Structure formats: C-alpha cells, structure tokens
Amino acid sequence: PLWYISTHNNFSSKPRVVLHFTPDSNSPPLATAQFYSFSCSIDIDVWSKSGVTTERMGSNGGVFGGVDIIFSTYMAEIGRQEVFEWKRSQGTEVRSLGGRSRGMKLVRQSSG
C-alpha cells in the first residue's frame, strides 16, 4: 500500500477521513475530509510543502434527488480560482469509458 486511510465517527474531534502520507497510521496527514451533518458540504484539506489548502465541496441537489458535486480550486497555471462540477451524464463521454450508459463527468463551469 502507498497510504494509510483512517476513518473516525461523528463524535471524534478528528476529521472523518484521513489519508496518511505513508502506509503507517502514525504518519502525518496528506489530506483530510470533514463531512457536515444535515449538509451536503465537505471540507477537503490537502497538505503540501507550502502549507494547507482547504477546498469546500457542496452539492446542488437534494436528499431525494440526484446530487451534483461542486468545488472550486486555485489553478496556478491560469492564476485564478476555477469552479468544477461532477455532473451526471448519459453522453458519449461516459459511454466511451467502459461501456456504461450512465455515469459522472467532471466539467469546468467556465467552459462547460
């Protein structure tokens, strides 16, 4: 294994999911995910040499409807924040990846 993943329940003060830097559970985190009760938001923290970057992911769907996941991140190569969305799809993009008729695709909102 390359990494160790630990999970914690809602009553813990630790993040719900921790991706550790090595296969050792005592190694520092590479990334964490914190889920919020009664919300479709997830905070993702990613550690690097320059510090911690936090990205919030949310959804535009409801509990009983389909959920599309939306997040934004800073794109260093273009020098600005970009918004991305995982969207449900039945298009050719999904069908070309293994023959399934439905799935998800990642879309940059500024270019569709």
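Being a predicted model, the structure only gives us computed values, none of them experimental.

All right, on to the overall build of the protein chain then. Along its length, the protein chain carries 1 helix and 8 strands. Tracing the protein chain from N to C terminus, the helices and strands come up as β-β-β-β-β-β-β-α-β. For the protein chain, the residues scored as buried account for 21% of the 112 residues in total. By sequence separation, contacts in the protein chain at least 24 residues apart represent 9% of the contacts at least 6 residues apart. Accessible area for the protein chain stands at about 8,200 Å²; split by element, carbon and sulfur atoms hold 56% of it.

Once that is clear, we can look at a nonpolar patch on the surface. There is a patch of nonpolar side chains on the surface, built from Trp86, Met104 and Leu106 and spanning about 270 Å² of accessible area. With respect to the element layout, Leu106 can be found in strand S8 (residues 103–108).

Below, the discussion takes up the pairing of strand S3 (residues 29–35). Strand direction decides the pairing type here: strand S2 (residues 17–20) and S3, joined by 4 bridges, are antiparallel. Each residue of the ladder has a partner; that of Val17, found in S3, is Ala33. Both S3 and strand S4 (residues 42–48) contribute to a ladder of 5 bridges, which runs antiparallel. Of the residues in S4, the one forming a bridge with Ala33 is Ile44.

Per-residue pLDDT for the protein chain has a mean of 75; in total, 78% of the residues score no lower than 70. When the elements of the protein chain are averaged for pLDDT, helix H1 (residues 92–95) gives the smallest value, 71, and S2 the largest, 88.

With that settled, the discussion passes to the environment of Gln81. Topologically, Gln81 is positioned in strand S7 (residues 80–89). Leave out the neighbours within four places in its chain, and Gln81 touches Glu55, Ser72, Thr73 and Tyr74.

The next point concerns the side chain of His20. Residue placement: His20 occurs in strand S2. Judged by relative accessible area, which is 8%, His20 ranks as buried. Here the side chain of His20 touches Ser27 through a polar contact of 2.8 Å, landing on its backbone oxygen.

Attention now goes to the side chain of Thr32. Mapped onto the elements, Thr32 comes out in strand S3. For Thr32, a relative accessible area of 7% puts it in the buried group. Other than its neighbours up to four places away in sequence, Thr32 contacts Pro15, Val17, Val18, Asp43, Ile44, Asp45 and Trp47.

Rules and cut-offs
Residues numbered from 1 in each chain as written. Predicted model: local features only at pLDDT ≥ 70, side-chain atom pairs only at ≥ 80, totals over all residues. Heavy atoms only, no water. Helix = DSSP H or I, 4+ residues; strand = E, 2+ residues; numbered from the N terminus. Buried < 20%, exposed > 50% of the residue type's maximum accessible area, 1.4 Å probe, protein only. Contact = heavy atoms within 4.5 Å. Areas by Shrake-Rupley, 256 points an atom, 1.4 Å probe, with all protein chains shown as cover. Patch = residues over 30% accessible without salt bridge, like charges linked within 9 Å, V, L, I, M, F, W, Y side chains within 5 Å. Salt bridge = Lys/Arg side-chain N within 4 Å of Asp/Glu carboxyl O. Pairing = 2+ DSSP bridges. pLDDT = per-residue confidence, 0-100. Polar contact = N/O pair within 3.5 Å; in protein donor to acceptor, adjacent residues only side chain to side chain.

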